[in-house]
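# Results of the structural survey
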Amino acid sequence: MEVQSQVQVMGIDAGGTMTDTFFVRGDGRFVVGKAQSNPEDESLAIFNSSEDALAHWQRGVDDVYPELLTCVYSGTAMLNRVVQRKGLDVGLMVNKGFEHVHSMGRAIQSYLGYALEERIHLNTHRYDEPLVPLSRTRGVTERTDVQGEIVIPLRENEVRQATRELVAAGSKAVVICFLQSHKNGTSEQQARDITRDELKKLGAEIPVFASVDYYPQRKESHRMNTTVLEAYAAEPSRQTLKKVSDRFRKHGARFDLRVMATHGGTISWKAKELARTIVSGPIGGVIGSKLLGETLGYDNIACSDIGGTSFDMALITKGNFAIAADPDMARLVLSLPLVTMDSVGAGAGSFVRLDPYSGAIKLGPDSAGYRVGTCWPESGLDTVSVSDCHVVLGYLNPDNFLGGAIRLDVERARQHIKAQIADPLGLSVEDAAAGVIELLDLQLREYLRSNVSAKGYNPTEFVCFSYGGAGPVHTYGYTEGLGFKDVIVPAWAAGFSAFGCACADFEYRYDKSVDLALPQDAAQEDKAGAAQTIQRAWSDLAAKVIEEFKINGFKAEDVILRPGYRMQYMGQLNDLEISSPIVNAAVAGDWDQIVDAFEETYGRVYASSARSPELGFSVTGAIMRGMVITQKPVLPEDPEGGPKPPAQARLGTRPLYRQKRWHDAVLWKMEALLPGNTITGPAIIESDATTFVVPEGFATTLDKHHLFHLKEVK
């Protein structure tokens, strides 16, 4: 057996359907593993997925885990906890008279995630149950005004009384959120210390979360929701991550587990701010796409990720992805920096039903998740899913799902499709199943096209990356006719988000609201004053960043600090996030550089002609990122093998139903193909973890980096 170089990097994507793992050796070689997700014990699904991956190298977990230098986790467990409302019982302390603010929420929360036809009708709006009920909400006397002046001091006895009542009401954590605390956090910090003291007297060991310690940003609803999430969902998730970390330790691992954060960096599972990891899986794919783009020289990339439950897309323009400052997630408005992504609840596991009134086919939004569909006899399901249609049409090999770990029953899927879809519509089983796939492809294509167009771009300016477990099955369908410069499917598409996690920097990020406004022709001393205000905010945030790294055993000198800010033209509604061109700000010339960097970015995102410097400039927030150097994957480079695939890569043929007839699709083993090989459809390229469908009218070529380029050949 060949002597293999050390396995250095591991990435994990624990999705709702599958748990993917991605291992990289020192020589850049990698393997992908897949296992069914296990919501009860994520650590077990990760273990099973690791075994699946490492079997390709004839190695085992006990052998490899001790070699690893770094491991990054991403998952959807925290988001699912919020969506299903299965978090901790949290107590909330607010200003007296504002006890209903959290329950009322923002009006937008009543229709977030709705289709347009439901948004425009008020009677279809609904308010979710608040994360914290009124019975566990208490008001205390205190008021800080909009300038940050304390006009009514905090009453200590009321804080102690509220703490006792919240504990008596069954609170397992206390969140404190006062008005204007982002301007002056003194009252909140006092309340936090008094609450902790009172809890100690009561002998109650429960955590206290003051919003100023976590998210000192304007917009009370956003700040309150995010701090509540920290207690409600992040604390239980910490237990999940501890379980994962403990299993790694049990098998000899020496690394410190890191988690993908919403801003595109990774943080330790021990981090104070764990709510920043609420949606981590899809973001990994965007980070991986950015790294690939830099390697291949692509500036504009449309990222598309299809899993079992959703289709997620993001745009990288001029080598950068956008970050939203106050996004929404699980129908809540939040104060988190989040890589801008658009999601639609349609994936390979989506349930398929007929609308009882119109008779039209409806997909999702609910999904079979890890249970695949009725084609898996042990699933316990009797509703048809998209995967059932794949199996009936010959897209998937029923004996090779998850490398044969699960056997799918084609006849069972046929019977369910016949009864639920085909017979009511008066269609054959094949035409009904093909109709479902065409409908899904059309929805995704329109979604992709409209997202690119809505931002003022044309698909012809972009390269499309397609990944996720189900991405390669649908790539041809949702990209056809859009005119992308190139369509790329990585051979490791199934583990691409896990790969992206392994590519991400070990990076902490803190944000803070700042209110600064200067006219275009401001005096030199005003510019210098503004620069110094920004510097003070940067210094406060840098201390928090360095403190997080110290928890992980790093010294202050190990940390590379990268300041940033959010800025807009005065009077405009949208600010932009800018990476600062300078590391310190003190004099008027520094302010000028800060303005120039904003104007250059504004001209790139919108258009140079849209700039409005005569309105003046407003800084709305300060940002500090800190990173330390970590090991990352290296893209493989293999020698050319010519256009003709090797004979041993051919597995035979399989009937594939498309466009009203059966085709004889040639089957190829993905791992046996060589760089330069070209395959013309109809063909199906199979690996244990994914299936790449190349129908008639399409061809694909594999390059030296293990990337498939898909072309239309009419």
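Predicted, not measured: the structure shown is a model, and the values here were computed from it. (Residues numbered from 1 in each chain as written. Predicted model: local features only at pLDDT ≥ 70, side-chain atom pairs only at ≥ 80, totals over all residues. Heavy atoms only, no water.)

### Section: the overall build of the chain
Heads up, the rule is: Where helices and strands are cited, they refer to DSSP runs of H or I of at least four residues and of E of at least two residues respectively, numbered from the N terminus. Atoms considered for the radius of gyration are the C-alpha atoms alone. The globule rule reads 2.2 Å times the number of residues to the power 0.38. By the convention used here, residues are in contact when the closest approach between their heavy atoms is within 4.5 Å. Per-residue and other accessible areas were derived by the Shrake-Rupley procedure at a 1.4 Å probe size, with only the shown protein chains allowed to occlude residues. Only four residue types enter the charge count, namely Lys and Arg as positive and Asp and Glu as negative; His and the chain termini do not. The atom standing in for a charge is NZ when the residue is Lys, CZ when it is Arg, CG when it is Asp and CD when it is Glu.
Summing up its helical and strand segments, the chain has 17 helices and 35 strands in all. Here the chain has a C-alpha radius of gyration of 27 Å; the compact-globule value for 714 residues is 27 Å, and the two agree. Projected onto its principal axes, the C-alpha coordinates of the chain cover approximately 80 × 55 × 55 Å. Pairs at least 24 residues apart make up 68% of the contacts formed inside the chain by residues separated by at least 6 positions. Total accessible area on the chain is roughly 28,300 Å²; 51% of this is exposed by carbon and sulfur atoms. Distance between charge centres in the chain, computed from 74 positive and 90 negative side chains, equals 2 Å.

### Some points on the sheet that holds strand β33 (residues 691-694)
Applicable threshold: Strand pairing follows a simple DSSP-based rule, namely that at least 2 bridges must link the two strands. Note on definitions: angles span 0 to 180 degrees between N-to-C directions of axes, and those axes are lines fitted to C-alpha atoms, for helices only across the stretch in contact.
An order of β29-β30-β32-β33 is seen for the four strands of this open sheet, with the pairing classed as mixed. Strands at the two margins of the open sheet, each flanked by one partner only, are β29 (650-658) and β33. Going across the sheet, the axis of each strand differs from the next one's by a mean of 25 degrees, ignoring polarity. Where β29 and strand β30 (residues 661-669) come together, eight bridges link them in antiparallel fashion.

### Some remarks on the UniProt feature "domain: Acetophenone carboxylase-like C-terminal" (unreviewed entry) in the chain
So the rule is basically this: UniProt positions are given in the numbering used here, feature names are shortened, and annotations may be inferred rather than shown by experiment.
When the UniProt feature table is mapped to this numbering, "domain: Acetophenone carboxylase-like C-terminal" (unreviewed entry) covers residues 522-713. Taken end to end, residues 522-713 is 24% helix and 34% strand, and its two terminal C-alpha atoms sit 59 Å from one another.

### Considering the packing of aromatic side chains
Basically, it comes down to this: Stacked, tilted and edge-to-face are the three classes applied to pairs of Phe, Tyr and Trp rings, where Trp contributes its six-membered ring and a pair requires centres within 6.5 Å; stacked means planes under 30 degrees apart, edge-to-face means over 60, and tilted covers the rest. Ring-over charges, as used throughout, are those where CZ of Arg or NZ of Lys falls within 6 Å of the ring centre and within 35 degrees of the ring normal.
Going through the model one piece at a time under the given rule, you end up with 28 aromatic pairs. A centroid spacing of 5.7 Å and a plane angle of 75 degrees characterise the contact between F506 and F554, whose relative ring orientation is edge-to-face. On the criterion of sequence distance, the pair formed by F506 in strand β25 (residues 506-518) and F554 in the loop between α16 (524-551) and β26 (560-569) is long-range, its members being 48 residues apart. A network of ring pairs unites the aromatic residues F22, F30, Y467, W492, F496 and F499 as a single cluster. Here the basic side chain of R247 rests over the ring of F47, its NZ or CZ set 5.8 Å away from the ring centre. Geometry around Y510 places R276 over its ring, the cationic atom sitting 5.6 Å from the centre.

### Some points on the sheet that holds strand β6 (residues 137-140)
The strand order across the open sheet built from four strands is β6-β5-β9-β10, with neighbouring strands paired in parallel fashion. Two strands in the sheet have a free side with no partner beyond their single neighbour: β6 and β10 (208-210). Averaged over all adjacent pairs, the angle separating strand axes in this sheet is 20 degrees, with direction ignored. The pairing of strand β5 (residues 90-95) with strand β9 (residues 173-176) spans four bridges and is classified as parallel. The residue bridging G91 from the neighbouring strand is V174, located in β9. Sitting on the sheet, helix α7 (residues 186-202) is in contact with β5, β9 and β10, with an inclination near 175 degrees to β10.

### Brief notes about the packing of helix α11 (residues 386-393) against helix α12 (residues 410-425)
Stated precisely, the cut-off is as follows: Put simply, a crossing is left-handed when the front helix is turned counterclockwise from the back one by less than a right angle, and right-handed when it is turned clockwise. Residue polarity follows a fixed list, in which Ala, Val, Leu, Ile, Met, Phe, Trp, Tyr, Cys and Pro are nonpolar, Asp, Glu, Lys and Arg are charged, and the others, Gly among them, are polar.
One way to put it is that α11 packs onto α12 with a least axis distance of 9 Å and a crossing angle of 115 degrees. Read as a crossing pair, α11 and α12 show a hand that is left-handed. Judged by residue contacts, D388, C389, V391 and V392 of α11 engage V410, A413, R414 and I417 from α12. Its residues assigned to classes, the contact of α11 with α12 comprises six nonpolar, no polar and two charged.

### Considering the pairing of strand β13 (residues 301-306)
Test applied: Note on classification: 1.4 Å probe, protein chains only; a residue is buried when its accessible area is under 20% of the maximum for its type, exposed when over 50%, partly exposed between these limits.
Across the six residues that make up β13, a large majority, six, are buried. Of the two faces of β13, both are covered, the one formed by I301, C303 and D305 as well as the one formed by A302, S304 and I306. Two elements, β13 and strand β14 (residues 311-317), share six bridges in a ladder whose sense is antiparallel. From the neighbouring strand, I301 faces β14, where its bridge partner is I316. Counting the residues in the hairpin turn of β13 and β14 gives four residues. Strand direction decides the pairing type here: β13 and strand β23 (residues 463-467), joined by five bridges, are parallel. By the bridge assignment for β23, D305 is matched with Y467.

### Quick notes on helix α17 (residues 588-605)
Formally: Under the convention used throughout, the expected extent of a helix is 1.5 Å for every residue step, that is, one less than its residue count.
When the terminal C-alpha atoms of α17 are compared, their 26 Å separation across 18 residues agrees well with the 26 Å that a helix rising 1.5 Å per residue should span. Of all the residues in α17, the buried ones are A588, D590, W591, I594, V595, A597, F598, E599, T601, Y602 and G603.

### Side note on the environment of L516
For L516, the location among the structural elements is in strand β25. Relative accessible area serves as the criterion here: at 13%, L516 is assigned to the buried category. Considering only alpha carbons, one finds L516 and V452, 64 residues apart in sequence, at a separation of 33 Å. In this structure, L516 is in contact with A530, T533, I534, W591, F617, S618 and V619, ignoring residues within four places of it in sequence.

### Observations concerning the domain arrangement of the chain
The following threshold applies: Each domain's extent is set by a domain assignment, obtained either automatically or from a database.
Domain annotation for the chain reports domain 1 (7-81 + 237-281), domain 2 (506-627) and domain 3 (647-712). For domain 2 versus domain 3, the distance between C-alpha centres works out to 49 Å.

### Let's talk about the nonpolar core
Here is the rule: To qualify as a nonpolar core, a set must consist of buried Ala, Val, Leu, Ile, Met, Phe, Trp, Tyr and Cys residues joined through side-chain atoms within 4.5 Å.
In this structure, F23, F248 and W492 are the most contacted members of the largest nonpolar core, which totals 159 residues. Per-domain counts for this core show at least three residues from each of domain 1 (7-81 + 237-281) and domain 3 (647-712). If you look at the next biggest cluster of nonpolar residues, it comprises 38 residues, including A271, V559, I582 and I594.

### Examining the pattern of salt bridges
What counts here: Here a salt bridge means any side-chain nitrogen of Lys or Arg lying within 4 Å of a carboxyl oxygen belonging to Asp or Glu.
Taken as a whole and assessed by the stated rule, the structure comprises 44 salt bridges. E67 is paired through a salt bridge with R59; the nearest N and O atoms lie 2.5 Å apart. Residue D515 is joined to R218 by a salt bridge in which the shortest nitrogen-to-oxygen separation is 2.2 Å. Placement of D515 in strand β25 and of R218 in the loop between α8 (211-214) and α9 (220-250) is noted, with a sequence separation of 297 residues between them. For D515, a relative accessible area of 44% puts it in the partly exposed group. We classify R218 as partly exposed; its relative accessible area is 25%. Here the residues in one salt-bridge network are R276, D505, E507, R509, D511, R562, R566, D575, E577 and R625, joined through shared partners.

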